[in-house]
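This is what each chain is made of:
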Amino acid sequence: MSATTAMEVNVEARRILAVSISKLYASRTQRGGLRLHRSLLLSLVMRSARDIYHSSRESEGPSGAQPATEEPMDTSSNPGEQTRLSEPQQEPQPALNSAEMAPEEPDNTEDCCDGEITEDKENLSPTRQSRKRRGKASAAPDFLPSKRARLEPGEERYAAPLGSCRVGAGESLTTLSLNRVIPAF
Amino acid sequence: MAGPGGDMQWCFSQVKGAIDDDVAEADIISTVEFNHTGKLLATGDKGGRVVIFQQEIENKNQPQFRSEYNVYSTFQSHEPEFDYLKSLEIEEKINKIRWLPQKNAAQFLLSTNDKTIKLWKISERDKRPEGYNLKEEDGCYKDPNTITSLRVPVLIPMDLMVEASPRRVFANAHTYHINSISVNSDNETYLSADDLRINLWHLEITDRSFNIVDIKPANMEELTEVITAAEFHPHQCNTFVYSSSKGTIRLCDMRASALCDKHSKLFEEPEDPSNRSFFSEIISSISDVKFSHNGRYMMTRDYLSVKIWDLNMENRPVETYQVHEYLRSKLCSLYENDCIFDKFECCWNGNDSVVMTGSYNNFFRMFDRGQRRDVTLEASRENSKPMQVLKPRKVCAGGKRKKDEISVDSLDFNKKILHTAWHPQDNIIAVATTNNLYIFQDKVN
């Protein structure tokens, strides 16, 4: 794969990641609360975009490699997914009469992910620069409502171990989001 | 020009709802359902309101009759609520309406929002009592000393009044958002399904329900699929199906065990690797599942296609119909504008020979299974002269656009038809655009 194609795929994957994250944000304020089905589909797309983003960065060269820390998630990235690298950049982008566009400026995609990491403190992991108290609150996702879900009878609160939220210095924003979306339910 | 069903020609009959383009969110239609005879047609909207139309037939004895649906009853089914524990607003939007088969003079339907199901009784009153001994006509009590004789009150005719009253409220049984309800053929029970669980209710009992399916993983981080729709078999009261976001359908037999987590049959078509894309998982999510009237087949709707499954064959559908294949190359844009999350429904005609589903640009599609023909029609105010025949539409996927064709890029993705319904016996269909309900009927009928 040529470096240019990998670059295009990289940009496309990051753009889709940005769009997905903004959709997740928007769904917070939706009437009726977070929708599990929609959140699951968003997280699937984000996971695919992240996998493609990482593999296209690896193919760019070792200098651009991310730290190897992956959380114990069911990533299910199989070799078949590698063939999708060419997919996003081939899809044409016609001007469709769309409903509300995702509130994300396309111009921002280049440094959107990096920008969000440094500027958006709310999204940071609890292990660094968190505004929230440690302990119980640190198990709760940062960008979702701080009230925790009501437990059902017989259910125990699942405390997300800090190990599963291993966020290294260079970790992408998206791995954080994916880890937190579904457990919030 | 012959269309599906032989010489069927669809004509405009009526349109219900406001004309102006500025659509109030509360008026957005969220569900459409004929009752078992087709005489009543119910719609639910985002504002929690239910409107029921009743069919009035002119020239009933003649083969070519015109029928009209007029407003029969309107009532507020659900109100917005607030869950204080989770700090969440519960939308009043009506997700589904299902009619109960008629047992007496009154009509009953189940309507549900995200969390609560209600049983409504719709009854007619066309007489009122008059001539009470102790009360005046206005309801004030008479002075007993003035009463010198006794009489029997009589019922006198009055203008027809249709009353809707909530008879049962089935609440607090769903943690997640209810997507389906289905009345059992035993006429005593029904199921309600949310993203992760399916509950079985008795129509008379509101304070408890049985959980029959639970796919919630112990660790929510391992969640890979959710329940998207569920329905009871039309004749076998022990059988139901539920579809998933992964494109699978599970058929369960309630006789096998109390908790039907283990399916009796799993219907799944292997994915075509050449169609694999970034958004494959989203578009394979099933948005609707419907049994055929004869109970031998079921139909599923995913984002791009309609599939018919034979209940005896699990490994692939017997028929697949492409609804709008030209959208496959636009999935990225449809993801950005949220259209890829649209949940289209589908329906069978009375004798299971034709299936129908909606699309964008206020188009809807019909597929004739026997004649292997399909047609695209449009619900629009421009084609709404009485008995105007609908002209088939065509979308030009690429290349040179012929006259009368519409190019994919000109489609209006804000105009979507998610809900359609087919009269159980006749060729009369109800098609819901954003806030209007169109009724079409076959010219010959």
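Residues numbered from 1 in each chain as written. Chains lettered and ligands numbered in written order. Predicted model: local features only at pLDDT ≥ 70, side-chain atom pairs only at ≥ 80, totals over all residues. Heavy atoms only, no water.

### Describing the overall build of chain B
- In terms of helices and strands, chain B carries two helices and 32 strands.
- On C-alpha atoms alone, chain B measures out to a radius of gyration of 24 Å, which is about the 22 Å that the 2.2 N^0.38 rule sets for 445 residues.
- Along the first, second and third principal axes, the C-alpha set of chain B runs to 90 × 55 × 40 Å.
- Evaluated residue by residue, chain B yields a buried proportion of 55% over its 445 residues.
- Of the contacts made within chain B by residues no fewer than 6 positions apart, 54% connect residues no fewer than 24 positions apart.
- Charged side chains in chain B number 55 positive and 66 negative. The centres of these two groups are separated by 4 Å. (Helix = DSSP H or I, 4+ residues; strand = E, 2+ residues; numbered from the N terminus. Rg over C-alpha atoms; globule rule 2.2 N^0.38 Å. Buried < 20%, exposed > 50% of the residue type's maximum accessible area, 1.4 Å probe, protein only. Contact = heavy atoms within 4.5 Å. Lys, Arg positive; Asp, Glu negative; His and termini not counted. Charge placed at Lys NZ, Arg CZ, Asp CG, Glu CD.)

### A look at the nonpolar core
- F279, Y303, L327, Y335 and I340 of chain B are the most contacted members of the largest nonpolar core, which totals 46 residues.
- At the level of elements, α1 (3-28) and α2 (36-60) of chain A together with α1 (280-283) and α2 (331-336) of chain B are the ones that each hand at least two residues to this core.
- Counting residues per element, this core draws most heavily on α2 of chain A, which supplies 10 residues.
- Not counting the four nearest positions on each side in its chain, L327 of chain B is found in contact with Y303, L304, L334, Y360, V408 and F413 of chain B.
- Membership of the second largest hydrophobic core comes to 18 residues, among which are F12, M356, F364 and V431 of chain B. (Core = buried A, V, L, I, M, F, W, Y, C linked by side-chain atoms within 4.5 Å.)

### Description of the confidence of the model for chain B
- Residue-level pLDDT values for chain B average 93, and 96% of them are 70 or greater.
- Interface predicted TM-score (ipTM) for the complex: 0.89; the corresponding pTM is 0.79. (pLDDT = per-residue confidence, 0-100.)

### Side note on unusual backbone geometry
All names here are of chain B.
- A positive phi angle, close to 55°, is found at S87, a residue other than glycine.
- Summarising the element assignment, S87 is placed in the loop between β6 (81-83) and β7 (88-90).
- A positive phi angle, near 65°, is found at N172, a position not held by glycine.
- Within the element layout of this structure, N172 appears in the loop between β11 (154-170) and β12 (180-183).

### A short note on the sheet that holds strand β9 (residues 107-112) of chain B
Residues and elements named next belong to chain B.
- Within the open sheet, the four strands sit side by side as β8-β9-β10-β11. Their pairing is antiparallel. The sheet is open, and its two edges are formed by β8 (96-99) and β11, each paired on a single side. Across this sheet, the average inter-strand angle for adjacent strands is 25°, counted without regard to direction.
- Bridge count for β8 against β9 is four bridges, and the pairing is antiparallel. Its bridge partner lying in β9, R98 is registered against L110. (Pairing = 2+ DSSP bridges. Axes fitted to C-alpha atoms, helices over the stretch in contact; angles between N-to-C directions.)

### Section: the sheet that holds strand β14 (residues 197-202) of chain B
Residue and element names in this part refer to chain B.
- What the four strands build is an open sheet, ordered β12-β13-β14-β15; its pairing is antiparallel. Two strands close off the open sheet at either side, each with one partner strand: β12 and β15 (205-214). Strand after strand, the sheet turns through a mean of 25° between neighbouring axes, direction not considered.
- Bridge count between strand β13 (residues 189-193) and β14: five bridges; the pairing is antiparallel. Along β14, the bridge assignment pairs L191 with L200.

### As for the pairing of strand β20 (residues 288-291) of chain B
Residues and elements named next belong to chain B.
- Going residue by residue along β20, you find D288 and K290 tucked away on one face and V289 and F291 tucked away on the opposite face as well.
- Judged from the four bridges that link them, β20 and strand β21 (residues 297-301) form a sheet pairing that is antiparallel. By the bridge assignment for β21, F291 is matched with M298.
- In this antiparallel pair of consecutive strands, β20 and β21, the connection spans five residues, and G295 shows a positive phi of 80°.

### Observations concerning the environment of L327 of chain B
- Residue placement: L327 of chain B occurs in the loop between β23 (319-322) and α2.
- A sequence separation of 223 residues divides L327 of chain B from N104 of chain B, and the C-alpha atoms of the two residues are 48 Å apart.

### Some details on the confidence of the model for chain A
Residues and elements named next belong to chain A.
- When pLDDT is averaged along chain A, the result is 58; 30% of the residues meet or exceed 70.
- Within the model, the stretch residues 132-144 combines pLDDT values under 50 with 29 contacts to residues more than four positions away or in other chains.
- Considering only residues more than four positions removed or in separate chains, one finds that residues 160-176, a stretch of pLDDT under 50, has 32 contacts.

### Some words on the environment of P129 of chain B
All names here are of chain B.
- In this structure, P129 sits in strand β10 (residues 117-130).
- For the pair P129 and R301, spaced 172 residues apart in the sequence, the C-alpha separation amounts to 52 Å.
- If we skip the residues at most four places from it in the chain, P129 touches V154 and L155.

### Observations concerning the side chain of N35 of chain B
All names here are of chain B.
- Among the structural elements, N35 can be located in the loop between β2 (29-34) and β3 (40-45).
- N35 sits in the buried class, given a relative accessible area of 6%.
- Here K39 takes part through its backbone nitrogen, which lies 3.1 Å from a polar atom of the side chain of N35.
- Not counting residues up to four positions away in its chain, the partners in contact with N35 are L40, W99, Q107 and P424. (Polar contact = N/O pair within 3.5 Å; in protein donor to acceptor, adjacent residues only side chain to side chain.)

### Section: the pattern of salt bridges
- Summed over the entire model, instances satisfying the criterion amount to 33 salt bridges over all chains.
- Note that R250 of chain B and E225 of chain B form a salt bridge whose closest N and O atoms lie 3.4 Å from each other. Of this pair, R250 of chain B sits in strand β18 (residues 249-253) while E225 of chain B sits in the loop between β15 and β16 (227-232), and the two are 25 residues apart along the sequence.
- Judged by its relative accessible area of 16%, E225 of chain B falls in the buried class.
- R393 of chain B serves as the salt-bridge partner of E378 of chain B, at 2.1 Å between the closest nitrogen and oxygen. Here E378 of chain B, found in strand β27 (residues 373-378), pairs with R393 of chain B, found in the loop between β27 and β28 (394-396); they are 15 residues apart in sequence, far enough to count as distant.
- E378 of chain B gets classed as buried once you look at its relative accessible area, which sits at 12%.
- By sharing partners, the salt bridges in this structure join E12 and R15 of chain A together with E336 of chain B into a single network. (Salt bridge = Lys/Arg side-chain N within 4 Å of Asp/Glu carboxyl O.)

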